[in-house]
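As a plain string of letters, each chain reads:
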Amino acid sequence: QVQLVESGGGLVQPGGSLRLSCAASGSISSINTLSWYRQASGKRRELVTTWTSGGSTSYADSVKGRFTISRDNAKNTVNLQMNNLGPEDTAVYYCYAVVTEPPSSRMYQYWGQGTQVTVSS
């Protein structure tokens, strides 16, 4: 069983920065996909950014140039650096992972519980 735990959320002023972290615990053979989603109040959950095992990354148009996804392979952690934040970025941010777990080669999907990011003056 794998668990994802997000951290780093909080209150930040417009133009400020936050770094979110998502730590994966449990037995993991490999990580196929890591993503960050967010869901603002009253809106649908949207994909923010994705990293794949091939090393490629993608970003939603709304965050390109401001957000960066990165990995710490040794700790099975994925980070989201968020710069130049605005009120439109206020949401609960969720970590999502697709992993391969031993001893089988099957892939499993996991969601974190989310961390609140509030951008307000």
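Scroll up to find the structure.
For the structure given in this document, a descriptive report is provided here.

### Thoughts on the environment of Val2
Mapped onto the fold, Val2 is located in the segment before β1 (3-7). Taking C-alpha positions, Val2 is 12 Å from Cys22, a pair spaced 20 residues apart along the chain. In this structure, Val2 is in contact with Ala24, Ser25, Ser27, Ile28, Val99, Glu101 and Tyr110, ignoring residues within four places of it in sequence.

### Some thoughts on the sheet that holds strand β3 (residues 18-25)
In space, the four strands of this open sheet follow the order β1-β3-β8-β7, with antiparallel pairing throughout. Each having just a single partner strand, β1 and β7 (67-72) make up the two edges of the open sheet. Averaged over all pairs of adjacent strands, the angle between strand axes in this sheet comes to 15°, irrespective of strand direction. In terms of strand pairing, β1 meets β3 through five bridges, oriented antiparallel. Across the sheet, Leu4 pairs through a bridge with Ala24, a residue of β3.

### As for the side chain of Arg66
By secondary structure assignment, the location of Arg66 is in the loop between β6 (57-59) and β7. For Arg66, a relative accessible area of 14% gives the class buried. A distance of 3.1 Å separates a polar atom in the side chain of Arg66 from the backbone oxygen of Asn84. Apart from residues no more than four positions distant in its own chain, Arg66 is found in contact with Gln81, Met82, Asn83, Asn84, Leu85, Gly86 and Asp89.

Parameters and conventions
Residues numbered from 1 in each chain as written. Predicted model: local features only at pLDDT ≥ 70, side-chain atom pairs only at ≥ 80, totals over all residues. Heavy atoms only, no water. Helix = DSSP H or I, 4+ residues; strand = E, 2+ residues; numbered from the N terminus. Contact = heavy atoms within 4.5 Å. Pairing = 2+ DSSP bridges. Axes fitted to C-alpha atoms, helices over the stretch in contact; angles between N-to-C directions. Buried < 20%, exposed > 50% of the residue type's maximum accessible area, 1.4 Å probe, protein only. Polar contact = N/O pair within 3.5 Å; in protein donor to acceptor, adjacent residues only side chain to side chain.

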